Amino acid sequence: MSDPAMPPDGAITDPARYTDSFLRGVLDGVHSIAVVGASADPVKASFFVMKYLRDKGYRVVPINPKLAGQTILGLPVHASLKDLPEPPDMVDVFRNSAAAGGVTDEAIAAGAKVVWMQLGVRNDEAAARAQAAGLTVVMDRCPKMEIQRLYGEIGRIGVNSNILVTHRRAPTKSFKKLI
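Residues numbered from 1 in each chain as written. Predicted model: local features only at pLDDT ≥ 70, side-chain atom pairs only at ≥ 80, totals over all residues. Heavy atoms only, no water.

> Kindly report on the overall build of the protein, identifying the contributing residues and their values.
Looking only at helices and strands, one finds 5 helices and 7 strands in the protein. In the protein, the succession of helices and strands from N to C terminus is α-β-α-β-β-β-β-α-β-α-β-α. Out of the 179 residues in the protein, the part that is buried amounts to 42%. In the protein, once contacts between residues fewer than 6 apart in sequence are set aside, the share between residues at least 24 apart is 54%. When the accessible area of the protein is evaluated, it comes to approximately 10100 Å², of which 55% is carbon and sulfur surface. (Helix = DSSP H or I, 4+ residues; strand = E, 2+ residues; numbered from the N terminus. Buried < 20%, exposed > 50% of the residue type's maximum accessible area, 1.4 Å probe, protein only. Contact = heavy atoms within 4.5 Å. Areas by Shrake-Rupley, 256 points an atom, 1.4 Å probe, with all protein chains shown as cover.)

> So what about the pairing of strand 2 (residues 59-63)? Which residues, and what values?
For a regular strand, the rule is simple: side chains alternate between the two faces of the sheet. With respect to burial, strand 2 is a largely interior element, 4 of its 5 residues being buried. Handedness of the strand 1 (residues 32-36)-helix 2 (residues 45-55)-strand 2 crossover: right-handed. (Right-handed = clockwise from strand over helix to strand, strands pointing away.)

> Account for the sheet that holds strand 6 (residues 114-117), with residues named and values stated.
Sheet strands pair by backbone hydrogen bonding; their relative direction is either parallel or antiparallel. Strand order across the open sheet formed by 5 strands is 2-1-5-6-7, with parallel pairing between neighbours. The open sheet is flanked by strand 2 and strand 7 (136-138), the only strands paired with a single partner. Sheet twist, expressed as the average angle between the axes of neighbouring strands with direction ignored, equals 20 degrees. Looking at chain direction, strand 1 and strand 5 (residues 90-93) are connected through 4 bridges and run parallel. Residue V36 lies in a different strand from strand 5, and its bridge partner there is V93. Most of the contacts of helix 1 (residues 20-29) go to strand 7, to which it runs at about 115 degrees, and overall it touches strand 6 and strand 7. (Pairing = 2+ DSSP bridges. Axes fitted to C-alpha atoms, helices over the stretch in contact; angles between N-to-C directions.)

> Now, about the nonpolar core: what can you tell me, with residues and values included?
It is characteristic of soluble globular proteins that their nonpolar side chains tend to be buried jointly. Counting 48 residues, the largest nonpolar core has I33, L53, Y58, L81, V91 and M117 as the members making the most contacts within it. Ranked by residue count, the leading element in this core is helix 2, at 5 residues. L53 has contacts with I33, Y58, V60, D92, P143 and I147, leaving out every residue within four places of it along the chain. (Core = buried A, V, L, I, M, F, W, Y, C linked by side-chain atoms within 4.5 Å.)

> Outline the confidence of the model for the protein, listing residues and values.
Put simply, the protein has an average pLDDT of 85, and 77% of its residues get 70 or more. Taken together, the stretch residues 1-6 has pLDDT below 50 and engages in 8 contacts with residues farther than four places along the chain or on a different chain. (pLDDT = per-residue confidence, 0-100.)

Okay, structure coming up:
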């Protein structure tokens, strides 16, 4: 398909079939992201993904009923998507696959445009409901990792080396003098 906002061949249920242009279209088309399952613990994936997305210029909104009224990264935490004053462009789901169904239904009701289920999170029935309601769905992917992969930010140890290679290169320096 020529429209990057649509899944390739309509295959929303096959994460292996998302094209790079589709994922770029999704990531470039959103400005606000509600992170459902946000954590205040800096070693949790939801915390550092939320921080990364914020640092990339997205407006992030933490959602966690247990932390409602508190702040994460200086941002007020909301109990649910229905508590937001305006709909987010994207809902990033940091919940298990079973819970993703209810979150997806909330995203539909809230008026979101995209439901993005994190690595290991897949709910085909929820994805079908979201697509039927006009939402774009991404499953079993991480937006942080996709941004890094698509825009060349992944290095061998996960830092921005400005080089992304898929084969081993010869070392540029020899360490024989140290032995």
